[in-house]
There are 2 protein chains.
Amino acid sequence: MTDPETETAAWGEAAQERLTGIGACSLQGAGVTRLPFTDEHRRANEVIAAWMHRAGMTVSLDAAGTLVGRFGGKGLTPERVLVLGSHQDSVRNGGRYDGIMGVALACLALEKARSDGFRPDFAVEVHAYADEEGVRFPTALLGPRALAGTFDPAVLEMQDRDGVKLRDALADFGGDPNGITALKRAPGQVVGYLETHIEQGPVLESAGLPVGVVTSICGIERNSATVSGRTGHAGTVPMQGRRDALVAAAGMITETDTRAQAIPDLRATIGTISVAPGAVNQIPETVTMSLEVRSPDDGTRRRFSAEIAEFSRGFATKRGCEAAFERTYEQPAQDCHPAFVERLQTASEEVQGRSLLLPSGATHDASAMADLCPVAMLFVRCRGGVSHVPEEYASAADMGVAVEVLSRFLRAA
Amino acid sequence: MTDPETETAAWGEAAQERLTGIGACSLQGAGVTRLPFTDEHRRANEVIAAWMHRAGMTVSLDAAGTLVGRFGGKGLTPERVLVLGSHQDSVRNGGRYDGIMGVALACLALEKARSDGFRPDFAVEVHAYADEEGVRFPTALLGPRALAGTFDPAVLEMQDRDGVKLRDALADFGGDPNGITALKRAPGQVVGYLETHIEQGPVLESAGLPVGVVTSICGIERNSATVSGRTGHAGTVPMQGRRDALVAAAGMITETDTRAQAIPDLRATIGTISVAPGAVNQIPETVTMSLEVRSPDDGTRRRFSAEIAEFSRGFATKRGCEAAFERTYEQPAQDCHPAFVERLQTASEEVQGRSLLLPSGATHDASAMADLCPVAMLFVRCRGGVSHVPEEYASAADMGVAVEVLSRFLRAA
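The model shown is predicted, which means the values in this text are computed figures rather than measured ones. (Residues numbered from 1 in each chain as written. Chains lettered and ligands numbered in written order. Predicted model: local features only at pLDDT ≥ 70, side-chain atom pairs only at ≥ 80, totals over all residues. Heavy atoms only, no water.)

Brief notes about the interface of chain B and chain A
Many descriptions give the size of an interface as the accessible area lost when the pieces come together.
Then, number 1: With 49 residues of chain B in contact, the opposing surface of chain A contributes 49 residues.
Then, number 2: Counting the surface lost from both chain B and chain A, the interface buries some 4,100 Å², and carbon and sulfur atoms represent 59% of this.
Then, number 3: Ranking the residues of chain B by area buried against chain A places Thr-236, Met-239 and Val-280 of chain B at the top, with a combined share of 16%.
Then, number 4: The interface formed by chain B and chain A holds two salt bridges in total.
Then, number 5: When the shortest N-O distance is used, the salt bridge between Asp-257 of chain B and Arg-319 of chain A registers 2.9 Å.
Then, number 6: Summed over the shared surface of chain B and chain A, the number is 13 residue pairs in polar contact (both at pLDDT 80 or more).
Then, number 7: Looking at the side of chain B that touches chain A, the elements with two or more residues in it are α7 (245–261), β8 (267–269), β9 (273–276) and β10 (286–295) of chain B.
Then, number 8: In terms of residue class, the side of chain B that touches chain A is built from 22 nonpolar, 18 polar and nine charged. (Contact = heavy atoms within 4.5 Å. Buried area = accessible area lost by both parts, 1.4 Å probe. Salt bridge = Lys/Arg side-chain N within 4 Å of Asp/Glu carboxyl O. Polar contact = N/O pair within 3.5 Å; in protein donor to acceptor, adjacent residues only side chain to side chain. Helix = DSSP H or I, 4+ residues; strand = E, 2+ residues; numbered from the N terminus. Nonpolar A, V, L, I, M, F, W, Y, C, P; charged D, E, K, R; others polar.)

The structure is reproduced here in structure tokens:
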């Protein structure tokens, strides 16, 4: 009999080997660039299909371009399905883990669970979605949205930068644009969706833990803030009485950061700023900036942004300026399913000694699947908290822990 | 005998009429657009020549394209010259006063002084320089630099946006590119330069005074400030431990403004800012911004920017970022000639009851003439403190006061 620790390590090394191998299905250049419905995607799907077969699954490509592996479902409740998965695509010059690791670990976890005697009376599917990053087309999540019935046919007309329509790219790839709406799963058929993903942040590294259990996928809102003042010659207008929009904006940026620091799990980011007229010798008249706020709690998020907007209007007024906010995007938070969270916690405690709960600040395929079924997510520690870069890295040991946790999750289902 | 107030008003109305008239020498569009060595410039010079003739001057175009009117100089010291002037050109869609008003009021002041019995034993010249704004070519001050001997022949090869070289534009206009260096005036020949200019700021309007006496032309320095932090996903990186370059920059902007407010006559402006990567969902990694500082005192200016740089480095470090400053441009302050300042003060007190001293935050032709001779400047109140826009405005009454002050200055010389 193999020592459990050695066995866990071996599964992690298998994961690392698989991810290194499939990382070669990429455009030339630093890191991994694998966009949906391309030759790289086709080659990656061949590799993933082999992983699925190895885990005992039958494999098919659905109308939306999702590679679907299916196991079991011949028991008492063949119509019930538990889905594990993530996306196969990457950003440009991204890493080897984001997305695809969730597919690789799902296959390995099923393989391991079966070797440990897992014989479910429901079906297990592993999904490799075509497109979560939205790099090639200005849309994403086609696969999970199709399953959830939230797919918007209008996106099929969107074009990539070479003028190729999503509809045609999908059809050439073997998908069926006209068959997507039929992919919608019946309510209750999918009992849950579990996604494993690299954390893309520093929390697990700081805590010294291989995996963490996601409590909630943060809601997101994006606002466009405009500060209007009055320009003038930088030499001839005295400091007193200036209505400098950038000076007003600076106070808003500082206050936003200070207040956000004080609220657990809230993230507020001003990622873009531009100033007009924008000349070295002109007092700024207008500043336009973005304010993105994320929180696992929608009320907390909305209260925060309302308070920032209120503070900003008052602060700008004191500076002789005006501040206006416009919400440009909003996506509510999605809680992970409490029973799944608890089961992942138990498995984490068994495998790594303790469990850690954290929110997901980023959107994932799980965000779209949440419209269909209860969801859960397991995060794997990433080195330096960095993602979407060639240096993105998860260790074999950590992935081994994740395979063990997932496999225990399956067996406990 | 005419009532003095009525007479002053009449001279102001003449000035307004002249400026309205010459404002028509402009490209189509809002406000005045009169670039050097163009048809508009040629037509304007015909008008200015008529003003000069009316004041009793002989008129010529010099090699650098400056229209030169000359009066007197047949007395005991014909070689001594007092120069009054400004520039004829405008920015694109500028106003009717910036530059050209200084030429118009100089002609009227000489005309008035002569009517009041002014018979100097020195020569008076009025100069209408071709180009102070630097809009057509990426250089400016050709005329006064030629007189001061600071003209750089390399600028003749500069091209406008149609690919026309300054050399060719000047030659076509009737100037003589090869004769520019010979324009240099002998040391001591020009006893002074007096420029009248619209204030381009709100100080005189606030004080309720038609004219003000410039003490000094502010020195200028421009710095490029770079703040380097660390980017990351706006959703996955918690607030604690972020190294957000824009948050660090915001503190620097606020402190720069606060400190500048406390220093008399100092102006500090951050007019440009850009952030990289510059995406709504990415923490800012790098912020690049300009810092322009102006002061009539070079030591005050240098101390201020050194202190801001020191503060910024410390503040950035506390935020996990780094701040670096690079000085990209520096021009020392130029004091106006104390005897001229005093004479303008006396005349101002006589005409408008009291005098007001103020620095010039902007550069003028006088800045270049300061390399040749003692300089002085008289500012005329502008409505709303605005300049370089079609709405730029000085009242006839205020210009009448300026004519009277200038004419008294001449007669006291």
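Further notes follow.
Regarding helix α3 (residues 100–115) of chain A
Since the α-helix turns once every 3.6 residues, residues separated by three or four places project in the same direction.
Residue and element names in this part refer to chain A.
Then, number 1: With 16 residues, α3 should cover 22 Å at 1.5 Å per step; its first-to-last C-alpha distance of 23 Å lies within 8% of that length.
Then, number 2: With 14 of 16 residues buried, α3 lies mostly within the body of the structure.
Then, number 3: Just past α3, the residue Gly-117 takes up positive phi, approximately 100°. (Expected span 1.5 Å × (residues − 1). Buried < 20%, exposed > 50% of the residue type's maximum accessible area, 1.4 Å probe, protein only.)

Section: the pattern of salt bridges
For side chains of opposite charge, pairing can occur when their charged atoms come near one another.
Then, number 1: Per the counting criterion, the structure on display carries 49 salt bridges over all chains.
Then, number 2: Between Asp-116 of chain A and Arg-411 of chain A there is a salt bridge, and its shortest N-O distance comes to 3.8 Å. Remark: Arg-411 of chain A occurs in helix α11 (residues 396–411) and Asp-116 of chain A occurs in the loop between α3 and β4 (123–129); sequence separation between them is 295 residues.
Then, number 3: Asp-116 of chain A gets classed as partly exposed once you look at its relative accessible area, which sits at 34%.
Then, number 4: Note that Arg-408 of chain B is salt-bridged to Glu-350 of chain B, the shortest N-O span being 2.8 Å. Pair noted here: Arg-408 of chain B is in helix α11 (residues 396–411) and Glu-350 of chain B is in helix α9 (residues 338–352), with a separation of 58 residues, a long-range link.
Then, number 5: A relative accessible area of 29% places Arg-408 of chain B in the partly exposed class.
Then, number 6: Overall, Glu-350 of chain B belongs to the partly exposed group, its relative accessible area being 47%.

Section: the domain arrangement of chain A
All names here are of chain A.
Then, number 1: When cut into domains, chain A gives domain 1 (4–217 + 333–412) and domain 2 (219–331).
Then, number 2: If you average the C-alpha positions of domain 1 and of domain 2, the two centres end up 37 Å apart.
Then, number 3: Across the contact, nine residues belong to domain 1 and nine residues belong to domain 2.
Then, number 4: Regarding the contact of domain 1 and domain 2, the summed buried area is about 650 Å², with carbon and sulfur atoms giving 44% of it.
Then, number 5: Considering only the surface of domain 1 that becomes buried against domain 2, Ala-333, Pro-359 and Gly-361 emerge as the three largest contributors, covering 66% of it.
Then, number 6: Here domain 1 is connected to domain 2 by zero salt bridges.
Then, number 7: Summed over the shared surface of domain 1 and domain 2, the number is four residue pairs in polar contact (both at pLDDT 80 or more).
Then, number 8: Residues belonging to the side of domain 1 that touches domain 2 are distributed by class as follows: four nonpolar, four polar and one charged. (Domains from an automatic or database assignment.)

Details of the relation of the copies chain B and chain A
Then, number 1: Each copy of the sequence occupies a distinct position, and chain B is placed on chain A by a rotation of 180° and an axial shift of 0.0 Å, giving an RMSD of 0.1 Å. Such a combination of turn and shift is consistent with a two-fold rotation axis. Identified as the residue of chain B closest to the rotation axis by C-alpha distance is Ala-250 of chain B, at 2.2 Å.
Then, number 2: Both copies share a contact surface, since 100% of the interface residues of chain B are interface residues in chain A too. (Least-squares fit on C-alpha atoms with pLDDT ≥ 70 in both.)

Looking at helix α5 (residues 166–173) of chain A
Residue and element names in this part refer to chain A.
Then, number 1: Among the residues making up α5, those that are buried are Leu-166, Ala-169, Leu-170 and Phe-173. Each buried residue of α5 sits inside an arc of 95° when the element is viewed along its axis, so together they form one side.
Then, number 2: One or two residues past the end of α5 sits Gly-174, with phi positive at roughly 110°. (Arc of directions from axis to C-beta.)

Regarding the side chain of Ser-367 of chain B
Then, number 1: Its location among the elements puts Ser-367 of chain B in helix α10 (residues 365–369).
Then, number 2: Residues contacting Ser-367 of chain B, with those up to four places away along its chain left out, are Ile-217, Gln-331 and Gln-334 of chain B.

A closer look at unusual backbone geometry
Residue and element names in this part refer to chain A.
Then, number 1: Residue Pro-277 follows Ala-276 across a cis peptide bond; omega there is 5°.
Then, number 2: On the secondary structure map, Pro-277 appears in the loop between β9 (273–276) and β10 (286–295).
Then, number 3: For Asp-265, which is not glycine, the phi torsion reads 65° and is therefore positive.
Then, number 4: Considering the arrangement of structural elements, one finds Asp-265 in the loop between α7 (245–261) and β8 (267–269).
Then, number 5: For Asp-265, a relative accessible area of 36% corresponds to the partly exposed category.

What to know about the pairing of strand β14 (residues 375–380) of chain B
Residues and elements named next belong to chain B.
Then, number 1: Taken across its six residues, β14 has six buried, putting it largely inside the fold.
Then, number 2: Residues Val-375, Met-377 and Phe-379 of β14 are buried on one face, and the alternating residues Ala-376, Leu-378 and Val-380, pointing to the opposite face, are buried as well.
Then, number 3: Looking at chain direction, strand β5 (residues 190–198) and β14 are connected through six bridges and run parallel. Along β14, the bridge assignment pairs Thr-196 with Leu-378. (Pairing = 2+ DSSP bridges.)

With respect to the pairing of β4 of chain A
Residues and elements named next belong to chain A.
Then, number 1: The buried fraction of β4 amounts to seven of the seven residues, a majority that puts the element mostly inside the structure.
Then, number 2: Residue alternation in β4 divides its side chains into two sets, Ala-123, Glu-125, His-127 and Tyr-129 and Val-124, Val-126 and Ala-128, and both sets are buried.
Then, number 3: Sheet topology places strand β2 (residues 67–72) next to β4; six bridges connect them, and they run antiparallel. Residue pairing in the sheet places Gly-69 in a bridge with Val-126 of β4.
Then, number 4: In the sheet, strand β3 (residues 81–87) pairs with β4 via seven bridges, with the strands oriented parallel. By the bridge assignment, Leu-82 is partnered in β4 with Val-124.
Then, number 5: This β-α-β element, β3 to α3 to β4, shows right-handed connectivity. (Right-handed = clockwise from strand over helix to strand, strands pointing away.)

What to know about the packing of helix α1 (residues 4–22) of chain B against α11 of chain B
Residues and elements named next belong to chain B.
Then, number 1: Running from amino to carboxyl end, α1 crosses α11 at an angle of 110°, the nearest separation of the two axes being 7 Å. If you check the angle between α1 and α11, you find them roughly perpendicular. In this structure, α1 meets α11 at a crossing whose hand is right-handed. Only Ala-396, Met-399, Gly-400, Val-401, Val-403 and Glu-404 of α11 make contact with α1, whose side of the interface consists of Thr-8, Trp-11, Gly-12, Glu-13, Ala-15, Gln-16 and Leu-19.
Then, number 2: Of the residues that constitute the contact of α1 with α11, the class distribution is seven nonpolar, four polar and two charged. (Axes fitted to C-alpha atoms, helices over the stretch in contact; angles between N-to-C directions. Parallel < 35°, antiparallel > 145°, perpendicular 65-115°, else oblique. Left-handed = near helix turned anticlockwise from the far one by under 90°.)

Quick notes on the packing of aromatic side chains
Then, number 1: A complete count under the given rule lists 14 aromatic pairs over all chains for this structure.
Then, number 2: Between Phe-37 of chain B and Phe-173 of chain B the ring centres are 5.5 Å apart and the planes differ by 70°, which places this aromatic pair in the edge-to-face class. Of this pair, Phe-37 of chain B sits in the loop between α1 and α2 (39–54) while Phe-173 of chain B sits in helix α5 (residues 166–173); the two residues are 136 residues apart in sequence, bridging distant segments of the chain.
Then, number 3: Positioned over the ring face of Phe-409 of chain A is Arg-343 of chain A, at 4.5 Å from the centre of the ring.
Then, number 4: The residue whose ring lies beneath Arg-383 of chain B is Tyr-393 of chain B, and the NZ or CZ to ring-centre distance is 4.3 Å. (Phe/Tyr/Trp six-rings, centres within 6.5 Å; stacked < 30°, edge-to-face > 60°. Lys NZ or Arg CZ within 6 Å of the ring centre and 35° of its normal.)

A few points about the packing of helix α9 (residues 338–352) of chain A against α11 of chain A
Residue and element names in this part refer to chain A.
Then, number 1: Close contact between α9 and α11 brings their axes to 9 Å; oriented N to C, the two are set at 130°. One element, α9, and the other, α11, form an angle in the oblique class. For the pair α9 and α11, the crossing hand works out as right-handed. Packed against α9, whose contacting residues are Phe-340, Arg-343, Leu-344, Ala-347, Ser-348, Glu-350, Val-351 and Gln-352, the element α11 presents Val-401, Glu-404, Val-405, Arg-408 and Phe-409 at the interface.
Then, number 2: Residues that form the contact of α9 with α11 fall into these classes: seven nonpolar, two polar and four charged.

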